[in-house]
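# Structural features, examined
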Amino acid sequence: MKLAIQIPCYNEEETLPQTLDDLPRPEHINGVDEIVVVVIDDGCRDRTVEVAREWGMRNKVPMVIAHHTRNRGLAAAFQTGLNTSLSLDADIIVNTDADNQYPGQSIPELVQPIVLRQADMVIADRQTDLIEHFSFVKKKFQRLGSMAVRIFSGSTVPDAVSGFRPFSRETALTLNVVTRYTYTVETIFQASKKNLAITSIPIFTNPVTRESRLVKGVWNYVKRMGATIVRIYAMHEPLKAFFYFSIPFFLVGAFAVGRFLWFTVAEHNGSIGHIQSLLLGSASLIIGFLIMLFGLIADLISNNRRLVEDTLFRVKKMEFEMDKQKTRETDLLDEIRQLRADLGITRTTVPVPTPSTIANGNGNGNGNGQSKPKVASLRGVTRVEEIEVESIKE
């Protein structure tokens with residue numbers, strides 16, 4: 001199996017080397033034959049890219065660096081990492097942070113449920129109650145937030161916002177992150193609603209190296225994460241979400257109309273009073289009914305979204321399979337070219353593509369008998385560079 005370790009980075013030149021040094025080697029992971037490191041440059045303005053490139057050349061570790069022209073946020077960097085790893089034909093994809101919060105030594109244990117086909121996604125449980133630099137308030141909100149995710153998503157994940165998580169290839173193909181703030185909660189919702197197997201493994205985090213850039217304050221984080229949970233729940237369960245939202249209007253309307261009827265019957269004077277209750281109750285019932293109608297329409301749109309997601313899954317799978325086939329064809333052409341050179345054949349009746357035609361899209365060979373793995377074109381990524389460690393001499 002091929003394992004891709006993706007690391008989203010934004011100005012991480014100080015902590016990235018330590019994070020890379022902690023990554024395991026293939027011989028340390030049962031069932032894994034090859035490891036490639038995918039570094040996502042999310043518009044870094046320091047030496048993060050140079051540090052990653054130097055580390056890859058120095059340690060002879062296969063590395064791919066995907067670049068964004070500007071900082072697009074953690075969720076976009078995560079999706080870019082998934083797309084790049086899939087284009088590299090990775091069987092398992094592990095996402096970790098560049099600030100060395102997560103121990104790289106835990107990767108072998110985390111990927112084993114996927115290697116053994118016991119899980120589709122594994123989430124590292126940081127055991128937040130044991131993290132010393134977390135305040136009491138932050139620990140409580142972490143627990144409440146994870147509980148809310150478990151309730152609304154139907155999962156059993158104890159640490160919902162942990163970003164240290166491996167995915168199987170099929171799972172990565174099904175994930176489509178649409179929120180801009182963070183990917184952690186949304187991927188749990190998507191995996192749970194698609195009945196994928198999710199499991200958690202407890203880990204111990206490393207000492208803090210810097211303040212979190214995602215959490216700019218407890219209340220700010222709670223507000224944004226709460227809005228994210230509501231938005232994602234409404235996207236996946238719109239009928240339930242709109243029904244819950246309409247309940248207060250139905251209750252107020254029923255109470256107001258009931259009050260009007262009660263006093264109308266009880267007074268027995270033939271006059272119609274308490275018309276305000278009737279108007280308020282009617283308006284509330286109409287609003288509740290309209291909300292339920294919007295929920296029904298949203299549910300129909302949600303069903304259409306599932307069909308679109310299934311189509312997108314098949315299209316992405318076909319695209320990556322076509323890239324693999326093109327790579328195999330290019331490798332074969334390179335072998336034929338090398339064989340012709342070895343045999344001294346200068347003329348042939350079979351036209352063989354030249355390196356220029358291969359570079360123009362008919363292959364990805366480098367013209368010297370060696371093939372270079374193809375990286376598919378990725379939306380929103382300016383360029384993808386590969387560190388060719390195989391050419392380094394001792």
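Here, the structure is the one placed above.
Residues numbered from 1 in each chain as written. Predicted model: local features only at pLDDT ≥ 70, side-chain atom pairs only at ≥ 80, totals over all residues. Heavy atoms only, no water.

### So, the overall build of the protein
Within the protein, the secondary structure is distributed over eleven helices and eight strands. Across the 394 residues in the protein, those meeting the buried criterion constitute 44%. Taking the contacts inside the protein whose residues are at least 6 apart along the sequence as the reference set, 78% of them involve residues at least 24 apart. Within the structure as shown, the protein displays about 21000 Å² of accessible surface, and the carbon and sulfur contribution to it stands at 59%. (Helix = DSSP H or I, 4+ residues; strand = E, 2+ residues; numbered from the N terminus. Buried < 20%, exposed > 50% of the residue type's maximum accessible area, 1.4 Å probe, protein only. Contact = heavy atoms within 4.5 Å. Areas by Shrake-Rupley, 256 points an atom, 1.4 Å probe, with all protein chains shown as cover.)

### Quick notes on the pairing of strand E6 (residues 165-168)
With burial as the criterion, each face of E6 is covered, one bearing Arg 165 and Phe 167 and the other bearing Pro 166 and Ser 168. As defined by bridge partners, strand E4 (residues 92-95) adjoins E6 across four bridges and the pair is classed as antiparallel. Residue Asn 95 lies in a different strand from E6, and its bridge partner there is Arg 165. (Pairing = 2+ DSSP bridges.)

### As for helix H3 (residues 74-87)
Its 14 residues place the ends of H3 20 Å apart at the C-alpha level, agreeing with the 20 Å of an ideal helix rising 1.5 Å per residue. Taking burial as the measure, the 14 residues of H3 include 13 buried ones, the bulk of the element. Once H3 ends, the next one or two residues include Asp 89, with phi positive near 65°. (Expected span 1.5 Å × (residues − 1).)

### With respect to the side chain of Glu 186
Assignment of secondary structure puts Glu 186 in helix H7 (residues 184-193). No salt bridge is formed by the buried Glu 186. Its closest oppositely charged neighbour is Arg 305, at 7.7 Å. In this structure Glu 186 touches Asn 176, Val 177, Val 178, Thr 179, Ile 232 and Met 235, once residues within four positions along its chain are discounted. (Lys, Arg positive; Asp, Glu negative; His and termini not counted. Salt bridge = Lys/Arg side-chain N within 4 Å of Asp/Glu carboxyl O.)

### Focus on the packing of aromatic side chains
Tallied over the full model, the rule gives six aromatic pairs. With a centroid separation of 6.0 Å and 55° between ring planes, the pair formed by Phe 243 and Tyr 244 is classed as tilted. On the accessibility criterion, Tyr 244 (46% relative accessible area) is partly exposed. Geometrically, the ring pair formed by Phe 245 and Phe 249 is edge-to-face, given 5.9 Å between the ring centres and 70° between the ring planes. Of this pair, Phe 245 and Phe 249 both sit in helix H9 (residues 238-267), separated by four residues, roughly a single helical turn. Under the relative-accessibility criterion, Phe 249 is labelled partly exposed at 27%. Through pairs of rings, three or more aromatic residues link up here, namely Phe 78, Phe 167 and Tyr 183. When the ring centre of Phe 134 is taken as origin, the NZ or CZ atom of Lys 138, which lies over that ring, is 4.1 Å away. (Phe/Tyr/Trp six-rings, centres within 6.5 Å; stacked < 30°, edge-to-face > 60°. Lys NZ or Arg CZ within 6 Å of the ring centre and 35° of its normal.)

### Notes on the pairing of E4
Burial along E4 is two-sided: Ile 92 and Val 94 facing one way and Ile 93 and Asn 95 facing the other are all buried. Across four bridges, the pairing between strand E1 (residues 2-9) and E4 is parallel. Opposite Ala 4, over in E4, you have Ile 93 as the bridge partner.

### As for the environment of Lys 139
For Lys 139, the position within the fold is in helix H5 (residues 136-153). Put simply, Lys 139 and Gln 127 are twelve residues apart on the chain and 9.8 Å apart in space, counted from C-alpha to C-alpha. In terms of polar contacts, Lys 139 uses its side chain to reach the backbone carbonyl oxygen of Asp 129, at 3.1 Å. (Polar contact = N/O pair within 3.5 Å; in protein donor to acceptor, adjacent residues only side chain to side chain.)

### Some remarks on empty space enclosed by the protein
Under the defined criterion, the tally for this structure stands at one cavity of 30 Å³ or more. Its boundaries defined by the atoms lining it, the largest cavity holds a volume of some 40 Å³. What lines the largest cavity is Thr 19, Asp 22, Leu 23, Thr 96, Asn 100, Tyr 102, Gly 104, Ile 107 and Phe 164. Here the residues of the lining of the largest cavity sort into four nonpolar, four polar and one charged. (1 Å grid on protein atoms, 1.4 Å probe; cavity = no way out; pocket = protein on both sides within 12 Å on 5 of 7 lines; lining within 4 Å. Points joined across faces, edges and corners; volume = space filled by probe spheres on them. Nonpolar A, V, L, I, M, F, W, Y, C, P; charged D, E, K, R; others polar.)

### With respect to unusual backbone geometry
One non-glycine residue, Asn 100, lies in positive phi territory at about 65°. Relative to the elements of secondary structure, Asn 100 occurs in the loop between E4 and helix H4 (107-115). On the basis of relative accessibility, which here comes to 2%, the residue Asn 100 falls in the buried class.

### Focus: the nonpolar core
Residues Leu 82, Val 149, Val 185, Phe 189 and Met 225 are the most contacted members of the largest nonpolar core, which totals 39 residues. Those elements that provide at least two residues to this core are strand E2 (34-42), H3, strand E5 (121-125), helix H6 (169-174), H7, helix H8 (218-236) and helix H10 (275-343). Filtering out sequence-adjacent residues up to four positions away, Met 225 remains in contact with Val 161, Tyr 181, Thr 182 and Val 185. Leu 20, Ile 29, Val 32 and Ile 114 belong to the second-largest nonpolar core, a separate cluster that totals 34 residues. (Core = buried A, V, L, I, M, F, W, Y, C linked by side-chain atoms within 4.5 Å.)

### Quick word on the state of the cysteines
Applying the stated criterion across every chain yields a total of zero disulfides. Between Cys 9, a free cysteine, and Cys 44, which holds the nearest cysteine sulfur, the sulfur-to-sulfur gap is 5.8 Å. (Disulfide = S-S within 2.5 Å.)

### Let's talk about the pattern of salt bridges
Under the criterion given, the structure shown has 13 salt bridges. Residue Arg 47 pairs with Glu 54 through a salt bridge whose shortest N-O separation is 3.1 Å. Residue classification places Glu 54 among the partly exposed positions, given a relative accessible area of 41%. As a salt-bridge pair, Lys 324 and Asp 89 come within 3.6 Å of each other at their nearest N and O atoms.

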